[in-house]
Every structure is written in structure tokens, then in C-alpha cells.
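Architecture and fold: a report
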Amino acid sequence: MTEISLNIDGENVTAEEGTTILQACGGKSGDIPTLCYGDTITPKNACRLCMVEVEGSRTLVPACSRPVEPDMVVKTRSDRVDHARKMVLEFLGSSVDLSLTENVTEWNAEYGADPERYGDAAATVTQPVKVDNDLYVRDYSKCILCYQCVDACGEQWQNSFVIEIAGRGFESHVSTENDVALTDSACVYCGNCIQVCPTGALIPTSEYEMRAAGTWDEDAQETTNTICAFCGVGCGLTLHVQDNTIVKVTSPEDNAITHGNLCIKGRFGFTHVQDGRTIPPTADPEAHP
Amino acid sequence: MDLKTRGVPATDEERAAIELVLGPAPARDMHDARGGHEFRSRRHLLLPTLNAVNDRVGWISQQAIDHIAERLDASPAEIYGVATFYALFATEARPPRQVHVCVDLACRAFGGVTEADLPADAHPSPCLGMCEQAPAMLVIDSGNPAQRVAIGGITADQIGAATSGDRIEPPTRSPAEFVPQAGDPDLVLLRRAGSGDPLDIEAYVEDGGLAALAQAIDFGPAKIIAAVEASGLLGRGGAAFPTARKWEAVRTQETMPHHLVCNADESEPGTFKDRTLMENDPFALLESMIIAAIATGCQYGWIYLRGEYPSVEATLTSAIETFRRSGLLGPQKGFDITLVRGAGAYICGEETAIFNSIEGYRGEPRNKPPFPFEVGLFGQPTVVNNVETMMNIPSIMLGRTESNRRLFCLSGAVVNPGVYEVELGLTLAELIDMAGGLRDGSQLQAVLLGGAAGRFVGPDSLDLVLTHEATRDAGLSLGSGVVMVLDQTVDLVDQVRRIAAFFRDESCGQCVPCRVGTVRQEEVIERLASGIRDGQLELLEDIGKAMTDASICGLGQTAHGAIESAIVTLGVFGDD
Ligand SMILES: Cc1cc2nc3c(=O)[nH]c(=O)nc-3n(C[C@H](O)[C@H](O)[C@H](O)COP(=O)(O)O)c2cc1C
Ligand code: SF4
Ligand code: SF4
Ligand code: SF4
Ligand code: FES
């Protein structure tokens, strides 16, 4: 690997050839804000929140996907950069429900974004929640069209191609064929789309129902990493436990083999753990040493 | 991949349309493995297949989607995603007759209709590329075969008759009718306009056709590119990129094969020059492409033609056939040309969206870098050139040393609208004079230069010299050669509203600044148009700056330019 030297915010840094500006900046998504970027999916650079200035470029460039080049001069903050970020936050904030998206309040404050200034008549993507199966819920009023679920379901991970972008422009949306219910699609309920969704548009039914009942309390949750016991593959699991009950299962994205992916059993097959907690009636314990 | 379909068989009509493109479904019994690489390698036939079904049945049903999915081993969701990208397709049942009436800039201002006064069962259409014949409509009768007719100079009565299902006679105009200079011996690009049947190959050869090809074969790649370079040819598709540099970059790529894409998507509102060229001299385009292929080592040629040009499709199909029969094209020659018909999407003219569209994916622009010369169509080194750019090649092979002629599309309030071929260096006033000057009683209010992606100028710009340099210095661009002349009768606020609607409609939806920005821009324009002023101009400026600076492609990046010029240069909304 060749090392490349470049200048970021006045500082000379080196980065490996093929890395992106975002990676060269050190943080996963620390200094430069990102929304559509996820650690396990090839960057689509669709949200344009991570825009930075690169000397010699007519327009701003997306830090999440632009590879570093020798002697590149990058500015991660400037009036142009800040303006673009503010507007992206306003565009999304005024059209999408970002209430479950992390960091948005802080970023709005930092960049002076005011999604309210587009008025009540501003077009939004608000629509009814799709509840068509027992395992997870799709609330596309919260969808920023980051394409991550599409890529996770399709060629990058699951290879099922159940959900795609349909329509065009502001009408673009994530959809099954002809908007059929998931139960009529080829969905295998791996939930890998849920794993990558950054906005809470896709959430497990367990979480959805607790949120609706007002009992979902992340502060009261503990996470425990373990190994899925269903088969011999040994995927990593993260159990999210609230009040001594598993409320959700995710998978560590930094696992070199599974990258956060699971199958239906690992992701949703956790209820037996607690259903079985009432000690089953047994015969004479002595008989089974 | 596990395909899941509904098991509802496609209708006979749907099946026949699908088989027209994909051939008969391979017979197989229950134990056959389905799909696989062989099926998937035909994904580029998806757009032609969707066009075939839409042509024959009028819309694309769920069982048709399922059946296509089985034939291409792609998921039905993917097929649905592609089908819903294009404006000319429908995934809901509709009557066999579709009337697409142009509601775009030239038509709405000069005798046409707006969305508001369109009959309920007609579809509003973006610019049909017939502005010199404004107003225009496209009538499609699905069936076997489908009849697709584009008609200019229409009246409200004709629209009414079309929507009520009356028979539509294809117009019998000659392709040179709107080439006011036809026959002028000085013409280079349009030299064959009006010289009889453009599909007569013998007449073409007699008229000097194929001499450039012979010369090019003699030259070989290096000398061809040197000649193009010396001529200073710049791309005519809008971005004015040096053609020789693009060619050299592809020529030197070691990865094989190379692809050559001729961009005939021509959807920039106000543009109709490429249609005029293709209608009048289709063989010259093919000859140019063969020369380009020799220069750049391309094995595969593609012409991506917008779906709204049925007569050009017929002309090109026949011309390609003739060239194949004459042994000029075909696999045995090492170079062949495939004609791909679009289906209503301005964005597919963008040089990487065109790849996705041809490959059978949604016509969304790709991330650059990598650039097309390295990673283009099917991931291979690719040349993309505009039709007019290509048409410059033969004369350069035959000794023209300077590429200083270009086409302008004059529409609106001039006496003789049409395509004009001029030597660069004319002023705007001189060009308008060439078109017979302003119509009787017309006073110049504004000119739209370069289309919706261009800018408006006022009467004080009549002395503007129409060269790349002079327009660039004035913060303008020749773009695709649009010169739309607007007189005092034109409602400029209405034009601005239409431009905002156009970009909102045509955004592919991939990136936030454009997907949401074009919507917010239109909302502000509507508020301004209804007299609400406070803070709106600043808000609009904020929106425009973000679209221009942070969008992925040229669509979002130019979606504010014309509107900004209307406000700043023409003062359509006062000065706040
Ligand atoms: C939204 C958009 C639409 C475009 N449409 C066309 C088109 O219809 N025809 C065309 O030749 N170029 C079009 N272009 C320009 C192409 O991207 C590309 O620059 C051009 O085809 C290159 O050919 P040239 O170098 O011969 O001009 C479009 C660009 C954008 C951003
Ligand atoms: S659960 Fe799995 S198969 Fe189903 S849509 Fe999500 S990623 Fe695709
Ligand atoms: S549903 Fe979630 S993952 Fe999918 S595109 Fe929307 S925001 Fe992204
Ligand atoms: S700028 Fe517009 S058309 Fe271009 S990629 Fe973004 S959304 Fe699509
Ligand atoms: S054909 Fe109607 S505006 Fe161009």
C-alpha cells in the first residue's frame, strides 16, 4: 500500500492509497457529519452531509466516498461547507421524521439549521407505517433514502433483492415489487436491512411496540455480546436487555466475518429464551443426572 | 437468488412482447436449474423489454414484471424499480391511447397549453424537442404494432380529438422543412438537409459519403485523433469538453472491450438540433461513429435515443440495417451499433446515467471518479459523445481544420424558427436576424440561452458574441445551443414556474440537495408567484447555492441557474 500525503485543514497528513477523505480524517464519523454512510456498506454519497471543499474542484465533494489523492488540499469546514450541511439538514428535517436519527439536534445547532423555516405546507414523505409481518416494521416517514437497506438486501449482503428504490425524484421510495406486503415478497427476514438503517425507519416489532406503549427506554438497557447458538456458524450477537428481558438483537458490525449480518433465527429467534424462563415441569430430577 | 413471483402467468400479449426482445422462453422441466449467469448477462435487454411490453399493452402489469424477472433472473422488485423510473411507462392499467402534450417552455408560451388547461386524460409532457414547431404532442397507440406519432403545430381541437380517440395521421412533413438554410452550399453539419431521401445510400455515397471513413482508415487512430485535436472540437452536449482528449484517454486504455455511446437523449428544453441532424443525415452519424470507433478502439457502439423521437427511431433503425447490409457494420467488421430507446427521463442524458439506463438499471448518475474513459458502460472504457459532436468528424477527416461551426436551436418569437448552422462569432442579434428577426409586433423581452440548464438574458445582451469564450466571460454558456426568443406576450413568471417544475419532475431522486432542493425551490417560486415576498428571495438563494454546490450531477447543479438569472438579470420578482 502506497502512502499518500495530503493536507487537511492546514495540516499535512498521510493516508493509504484508496482510503477516502473521511477515513483520512481519522474519525469513523466523528468530525465530519454523515447520515447515509454506514460502516458495512459501500458509500452511496446520497445525503451530501459530509461535503468538504477540495482545492481545484468546482463543487464540494463527498468525504465519505472520494478517495484521497496526492497533494489534495481539503477543508472540512468553510462557509460553503457549512452552508451545504445546513441545507441538507434543513431539507431532510423539513421532509422526513428524523426523531430517531442520532446527532441531528446537535448538528442542527452547530450548523444553524432551521427545518421549520419551510413552513407547514412544505412537502414531506409522511405516510402510514407499514406493519405487514410479525418481525419488523417499516416506517418510511422516517426514510432519508440512504440506499443502505437496498444494498444490504441486494448485492452487498443478502442477495435477496426484495426491496429496491422505485419511482423518481421526490417520489422515490423504498419498495417491494408493486408495493406488495413483505409476506408476499422474497423476504427471508434476515433483518440485515434493519441493522443498517440509520433513521429508525426499519425497526423490529418488539421495539416498535414498546415505543408505542411508551416503555422503550434505551438508558435502562444493557447490551451483552454473545454468540448465536442456533447453528455452527457462530455469528456474533448483541443482546439489548431491558428489565431483564431481551428487547432487540443486533450484531457487531466490526465482526470480520459477519459484518453485522444475521439470519432470521439469530435476529428474531430470541423469545424462547424468556418464554422458557418459567421452569418447565420436569419429572424426577434425580432421574436425569 | 431465490426468485419469488406470484405464479400468475403473463397474458399472451405480454408474453409475445417479451419474447420479441428476449426470444422464446427456454423449455425446461422441474429439475432444471433456473437463471444463472446466462440469464443475468442479458440484463441490458430490460429497457427494450419494458418498452416492448409498454408499446404492445400500454402498461406494465405485475405479472409482466414477474415474467420478465424470471426471464432475466432479476428480482421483481428490481424490475419494478426500473419500470417506475421512466415517465413513459405505467405500472397501473391505462387505456391504449396515451396523449402526451408538451407543456414546456416554448409550447406553453407560443400557442400551447399549461398543466392547468390540459384535458383530464392527457399527460403533461416535458419538452418534446419540437419547439420550432410549437406547440407539440406525442400520441401513442399501444398495440401490435404500436403507433407512436409526434406532431407539431397542434391546436386545442387536435388535442381534444386525440384524447377522444380519433385516428391520428402521421405528419408527412419533410425532415428539412424546419431547416431554413437547407441547400446552402456552405453548410457542413447540415449539408445534406433537403437533398432528397436521407436513407438512400447510393445518393449518400454520390454526395461524398464514406469518403471520410476511407480517409480515417488510411489515417489510423493516432492521426484521426490528431486531426480532431487540431480542429479544436469541443463537445456539443453542453459541457464543451475537448473531444480529442476524451478519445485519446479511451484509446490508451488497455482493458478491452471499449464502448462508444452516442448521446441522442436530447431532452434539454428548447433543444432539437440532434433530432434535425439524425432525421436529415442518419448515415453521416453512423459513419462518424465508425470513425470514432476506429480512433478509440471501440468494439461496441450504442445510440441512446430519447423515447419521444419515434420518427428518428425509424430512420436510424433503417440506416443501421442498410449499413449492416453494406458490410460497414456488424460483428464481422469488429464494430456494431445498437439503438437503445429511452422511455422519458431527462437525466438519462447525463453521461453516467446513460450507462445505468442501457445496462437495465435505474437511470441514476454514477459517482465520479472513476470517469467513463476508465470505467464506463459495463465497467469498460467508454466514449460518450453528443450527436452534433460526432457529426463534426467527417469534415475534419476531409480536411476541415477548424471546428468552428455549430448549431443553434431557434424557437419562440422569431419569423423562421428552426435549426441554424453558423460560424462561431455571430452576435445574438445577428443570429436572431438570420431567423428572420422578431415576429411582426413582437418586442424582445428575454432570451433563454442554453435551455432550462442555461440562463436568461435580457434585450441588453443582443450584442453578446456567441462563442464559448465570450459566453463564459459573461457567466453564460452555449450549452446545447438553445436560443429561445421570448417577446412581450410571454409571462416570464410562468416560465420560471415551469422551469422549477421541470427540475422537480426530472430529478432522479438520488441525492438530497436535488431531490428535496428542487421541491423546496418550486415551493418558494409558487409563493413568490402568488405575491408572498418576505424572506423568500433569500431562502431561494440559500436553496440554489446548496443545489449548485452539493448535488451529485449536472442536473441538480444547474437546476437553479435559469431561475437565478430570471430573478437577478430580468428582475421577474422585483428586487424584494
Ligand atoms: C441532466 C443532464 C442531461 C444531459 N443530457 C444530454 C443529452 O441529452 N445529450 C447530450 O449529448 N448530452 C447531455 N448531457 C451532457 C452529457 O453528460 C455529456 O457531457 C455529453 O453527452 C458528452 O458529449 P460531448 O462531449 O460530445 O458533448 C447531459 C448532462 C446532464 C447533467
Ligand atoms: S429482512 Fe432481509 S431479506 Fe427481508 S428485506 Fe430486509 S434485508 Fe431483505
Ligand atoms: S429505510 Fe432506512 S436504510 Fe432504507 S433507505 Fe430508508 S433510511 Fe436508509
Ligand atoms: S443531482 Fe439530481 S439528478 Fe443528479 S444525482 Fe442528484 S438527485 Fe439525481
Ligand atoms: S417541444 Fe414543447 S417546449 Fe420544446
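The subject of this paragraph is the pattern of salt bridges. Residue and element names in this part refer to chain B. Tallied over the full model, the rule gives 54 salt bridges over all chains. Residue E388 is joined to R236 by a salt bridge in which the shortest nitrogen-to-oxygen separation is 3.4 Å. Residue E388 is located in helix α16 (residues 387-391), and its partner R236 is located in the loop between α10 (221-231) and α11 (243-251); the two are separated by 152 residues in the primary sequence. Taken as a pair, E388 and R236 share a single burial class, namely buried. In this structure, R497 engages E526 in a salt bridge whose closest nitrogen and oxygen atoms are separated by 3.0 Å. With R497 in helix α20 (residues 492-506) and E526 in helix α22 (residues 517-529), this pair connects stretches of sequence that are 29 residues apart. Connected through salt bridges with shared partners, the residues D104, R108, E115, D494 and R498 form a single ionic network.

For the rest of this paragraph, the subject is the sheet that holds strand β3 (residues 137-141) of chain B. Residues and elements named next belong to chain B. One open sheet accounts for four strands, arranged β2-β1-β3-β4; its pairing is mixed. Each edge of the open sheet is held by one strand with a lone partner, namely β2 (122-125) and β4 (147-151). Going from strand to strand, the sheet's axes swing by 20° on average, the running direction of each strand aside. Where strand β1 (residues 97-102) lies against β3, five bridges are found, and the strand directions are antiparallel.

Residue and element names in this part refer to chain B. A rise of 1.5 Å per residue sets the reference length of helix α13 (residues 282-296), with its 15 residues, at 21 Å; its end C-alpha atoms lie 21 Å apart and thus fit the reference within 8%. Buried residues dominate α13, accounting for 14 of its 15 residues. One or two residues past the end of α13 sits G297, with phi positive at roughly 70°.

Attention now moves to the domain arrangement of chain B. Residue and element names in this part refer to chain B. When cut into domains, chain B gives domain 1 (12-83), domain 2 (99-163), domain 3 (201-397), domain 4 (405-487) and domain 5 (492-568). The C-alpha-based centres of domain 1 and domain 3 are spaced at 28 Å. Taken together, the contact pairs nine residues of domain 1 with 13 residues of domain 3. When the two sides are added together, the surface that domain 1 and domain 3 hide from each other amounts to roughly 840 Å², 52% of it contributed by carbon and sulfur.

Scoring rules and cut-offs
- Residues numbered from 1 in each chain as written.
- Chains lettered and ligands numbered in written order.
- Predicted model: local features only at pLDDT ≥ 70, side-chain atom pairs only at ≥ 80, totals over all residues.
- Heavy atoms only, no water.
- Salt bridge = Lys/Arg side-chain N within 4 Å of Asp/Glu carboxyl O.
- Helix = DSSP H or I, 4+ residues; strand = E, 2+ residues; numbered from the N terminus.
- Buried < 20%, exposed > 50% of the residue type's maximum accessible area, 1.4 Å probe, protein only.
- Pairing = 2+ DSSP bridges.
- Axes fitted to C-alpha atoms, helices over the stretch in contact; angles between N-to-C directions.
- Expected span 1.5 Å × (residues − 1).
- Domains from an automatic or database assignment.
- Contact = heavy atoms within 4.5 Å.
- Buried area = accessible area lost by both parts, 1.4 Å probe.

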